[in-house]
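# Architecture and fold: a report
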Amino acid sequence: MMKRFESDYLEGAHPDVLRALIETNGEQTPGYGEDPHCEAARALLRERCALPEGEVQFLVGGTQVNRTVIASILRPHQGVVAADTGHIAAHETGAIENSGHKVLTVPNTDGKLAAAQVEELCRAHYADASFEHTVQPGMVYISNPTEFGTVYTRGELEALHAVCKARHLPLFIDGARLGAALYSPVCDYTLADMAHMCEVFTIGGTKMGLLFGEAAVFSAPELAKDFRYFIKQNGGMLAKGRLLGVQFYAAFKDGLYDRIGAEEVRLALRLRDGFRARGWTFLVESPSNQQFPILPDALIERLKPEFSCSHTQSFPNGMSAVRFCTSWATTDADIDALLDAVPINA
């Protein structure tokens, strides 16, 4: 059977999550996330994030939560600032623009957006005599980890948040793979720390061992006014909402989410070290569950029948950067098999 590494949501769900769904399957509860399971999961996340007054809502998927959060915060004349490689700019089929808001992109550095870039974009906007004829920066979006697997440090987040606060721009952190960021060896903060370095963030379920689902967490609850109206309008509200609460409660009640994050990062770093020991280089130094070796196109073709990966960037010398992702279901045996198939770069 092919071993698939092109993404981290190719399996179903972690057995503990499925078990929780089975155990509660026969229950009858109110719908639309107003059930006891969702309330218990919200309370658990508020505690974990040290946000006793925070607002937590569950949505069905990543694109829905990104679009809904951004649409709920921005006024009609405003746009969202993001790196040019940011997920909302490059991988969501114009979902943000379809909601009526422009994505204001700036060049990335290994997938990251820097505080100085936000400050310069705002300065340039208001220095333009015709600024009222252009889209106003209204909030800032980053993902952690980034699309290149890089992870923001505490210093980077603090600097970014400081600029955002000075410019009155809510900072939104897309945490679709947040567990991989928190258990990266370069991460020097906790989930609770991060929660206080932004106004709103997501805790991903789809890419972190759940069947589906994302949690939107508002550290600034005033931004969540009427948010459930936006969820419904943007197709993110699940009628059988308890399925989201059951999964998130199972993921956080005894540390399953943390174990998944730590294990998939450990395996990804084993993969990275194995490629490096064989003489291969990388597009970027990623400390998370996404690794980007640069390989000959001929080798990639030879690997494809047994090991899938996703294409990232082509080079003119017959080489390409590809992405290998680990997930909750990846095993040491999977990593061993892949590395055994990769030759030494002489």
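Residues numbered from 1 in each chain as written. Predicted model: local features only at pLDDT ≥ 70, side-chain atom pairs only at ≥ 80, totals over all residues. Heavy atoms only, no water.

This paragraph deals with the packing of helix α2 (residues 36-48) against helix α11 (residues 242-252). Axis separation between α2 and α11 bottoms out at 7 Å; the angle between their running directions is 40 degrees. The angle between the axes of α2 and α11 places the two elements in the oblique class. Where α2 crosses over α11, the handedness of that crossing is left-handed. Taken together, the residues of α11 that come into contact with α2 (itself represented by H37, C38, A40, A41, L44, L45 and R48) are R242, G245, V246, F248, Y249 and F252. The residue inventory of the contact of α2 with α11, partitioned by class, reads nine nonpolar, two polar and two charged. (Axes fitted to C-alpha atoms, helices over the stretch in contact; angles between N-to-C directions. Helix = DSSP H or I, 4+ residues; strand = E, 2+ residues; numbered from the N terminus. Parallel < 35°, antiparallel > 145°, perpendicular 65-115°, else oblique. Left-handed = near helix turned anticlockwise from the far one by under 90°. Contact = heavy atoms within 4.5 Å. Nonpolar A, V, L, I, M, F, W, Y, C, P; charged D, E, K, R; others polar.)

Within the element layout of this structure, D334 appears in helix α14 (residues 332-340). A distance of 3.2 Å separates the side chain of D334 from the side chain of K3, its partner in a polar contact. (Polar contact = N/O pair within 3.5 Å; in protein donor to acceptor, adjacent residues only side chain to side chain.)

The subject of this paragraph is the sheet that holds strand β2 (residues 55-59). Spatial ordering of the open sheet is given by β2-β8-β7-β6-β5-β3-β4, a layout of seven strands whose pairing is mixed. Every other strand in the sheet has two partners, leaving β2 and β4 (103-106) as the edge strands with one partner each. Within this sheet the neighbouring strands show an average axis-to-axis angle of 25 degrees, counted without direction. Both strand β5 (residues 136-143) and strand β6 (residues 171-174) contribute to a ladder of four bridges, which runs parallel. In the sheet register, I142 faces β6, and the bridge partner there is I173. Sheet strands touched by helix α6 (residues 115-127): β3 (78-83), β4 and β5. Its angle to β5, the strand with the most contacts, is close to 165 degrees. (Pairing = 2+ DSSP bridges.)

Here the focus is helix α7 (residues 154-166). Over its 13 residues, α7 runs 18 Å from end to end, which matches the ideal 18 Å to within 8%, given 1.5 Å per residue. Among the residues of α7, those classed as buried are L157, L160, H161, V163 and C164. Down the axis of α7, the smallest arc covering the buried residues is 160 degrees, so these residues share one side. Away from the buried face of α7 by more than 90 degrees, exposed residues K165 and A166 are located. Where the residues of α7 are buried, they touch α6, β5, β6 and α9 (191-195). One or two positions beyond α7, positive phi appears at H168, with a value near 60 degrees. (Expected span 1.5 Å × (residues − 1). Buried < 20%, exposed > 50% of the residue type's maximum accessible area, 1.4 Å probe, protein only. Arc of directions from axis to C-beta.)

Let's shift gears to the environment of T63. In this structure, T63 sits in helix α3 (residues 62-73). Assessed through its relative accessible area of 34%, T63 is described here as partly exposed. Ignoring anything within four residues of it in the chain, the contact list for T63 reads E92 and A95. One polar contact links T63 to E92, side chain to side chain, over a distance of 3.5 Å.

Let's shift gears to unusual backbone geometry. For the bond from N144 to P145, the omega torsion is 5 degrees, close enough to zero to count as cis. The topology assignment puts P145 in the loop between β5 and α7. In this structure, T93 is a non-glycine residue whose phi angle is positive, near 55 degrees. Positionally, T93 belongs in the loop between α4 (87-90) and α5 (95-98). Backbone geometry at D110 places phi at a positive 50 degrees, although glycine is not the residue there. Looking at the secondary structure, you find D110 in the loop between β4 and α6. For D110, a relative accessible area of 41% gives the class partly exposed.

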